[in-house]
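The chain contents come next:
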Amino acid sequence: KNHPGMRQSLIRTVRLAQEAGATVLLQFWYDPDRYADHDGVAQRFARAILQLRREHGLTAIRYASIQNEPNEFLDDVTAAKYVTRIIMSLNARL
């Protein structure tokens with residue numbers, strides 16, 4: 001958001017990977033303290049994936065994840081909170 005060219009760069013990168021025969025995992029680096037609307041985040045991410053696959057033909061996108069290493073530090077979001085808040089919401093929308 002608010003980064004000119006970011007989406008086009010992502011499209012070009014995924015297209016290049018797809019042409020090389022790769023399978024693509026899209027990961028949204030999610031900070032639960034930054035986003036109050038967890039369902040909204042999941043919905044927008046799922047909608048973006050759908051748009052990339054349907055409108056841009058990027059069918060190499062086969063996997064999606066939110067937040068890498070949710071338990072890396074002691075003050076990070078708990079696994080239970082992470083799963084119930086965002087992962088279940090994303091799964092429902094994919």
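Refer to the structure printed above.
As the structure is a prediction and not an experimental result, all values here were calculated from the model.

S.K.: Tell me what's going on with helix α1 (residues 6-19), and back it up with residues and numbers.
M.R.: If you check α1, its first and last C-alpha atoms are 20 Å apart, about what 14 residues at 1.5 Å a residue would give, namely 20 Å. Phi for G21, located one or two positions after α1, is positive at around 90°.

S.K.: A description of the nonpolar core should follow, citing residues and the corresponding values.
M.R.: V24, L26, F45, L52, L58, I61 and L90 are the most contacted members of the largest nonpolar core, which totals 16 residues. Mapped by element, the contributors of at least two residues to this core are α1, β1 (24-28), α2 (38-55), β2 (61-66) and α3 (79-93). When near neighbours in sequence (up to four residues on either side) are disregarded, L58 contacts I11, V14, R15, Q18, L52 and R53.

S.K.: Tell me about the environment of V14, residues and numbers included.
M.R.: Inspection of the secondary structure assignment puts V14 in helix α1. Accessibility expressed as a relative area gives 4% for V14, which makes it buried. C-alpha separation for the pair V14 and L52, spaced 38 residues apart in sequence, amounts to 9.3 Å. Once residues within four sequence positions are removed from consideration, V14 is found in contact with V24, L58 and I61.

S.K.: I'd like a rundown of α2, residues and numbers included.
M.R.: Residues lying three or four places apart along an α-helix face the same way, a consequence of the helix completing one turn every 3.6 residues. Across its 18 residues, α2 extends 25 Å between first and last C-alpha, which sits within 8% of the 26 Å expected from 1.5 Å per residue. Of the positions making up α2, those classed as buried are H38, G40, V41, A42, F45, A46, A48, I49 and L52.

S.K.: Account for the environment of Q51, naming residues and giving values.
M.R.: You can see Q51 is positioned in helix α2. Judged by its relative accessible area of 29%, Q51 is partly exposed. Among all residues touching Q51, those that are not within four sequence positions of it are R7 and H56.

S.K.: Outline the side chain of S89, listing residues and values.
M.R.: If you trace the backbone, S89 turns up in helix α3. If we skip the residues at most four places from it in the chain, S89 touches H38, D39 and A42.

Cut-offs used in this document
Residues numbered from 1 in each chain as written. Predicted model: local features only at pLDDT ≥ 70, side-chain atom pairs only at ≥ 80, totals over all residues. Heavy atoms only, no water. Helix = DSSP H or I, 4+ residues; strand = E, 2+ residues; numbered from the N terminus. Expected span 1.5 Å × (residues − 1). Core = buried A, V, L, I, M, F, W, Y, C linked by side-chain atoms within 4.5 Å. Buried < 20%, exposed > 50% of the residue type's maximum accessible area, 1.4 Å probe, protein only. Contact = heavy atoms within 4.5 Å.

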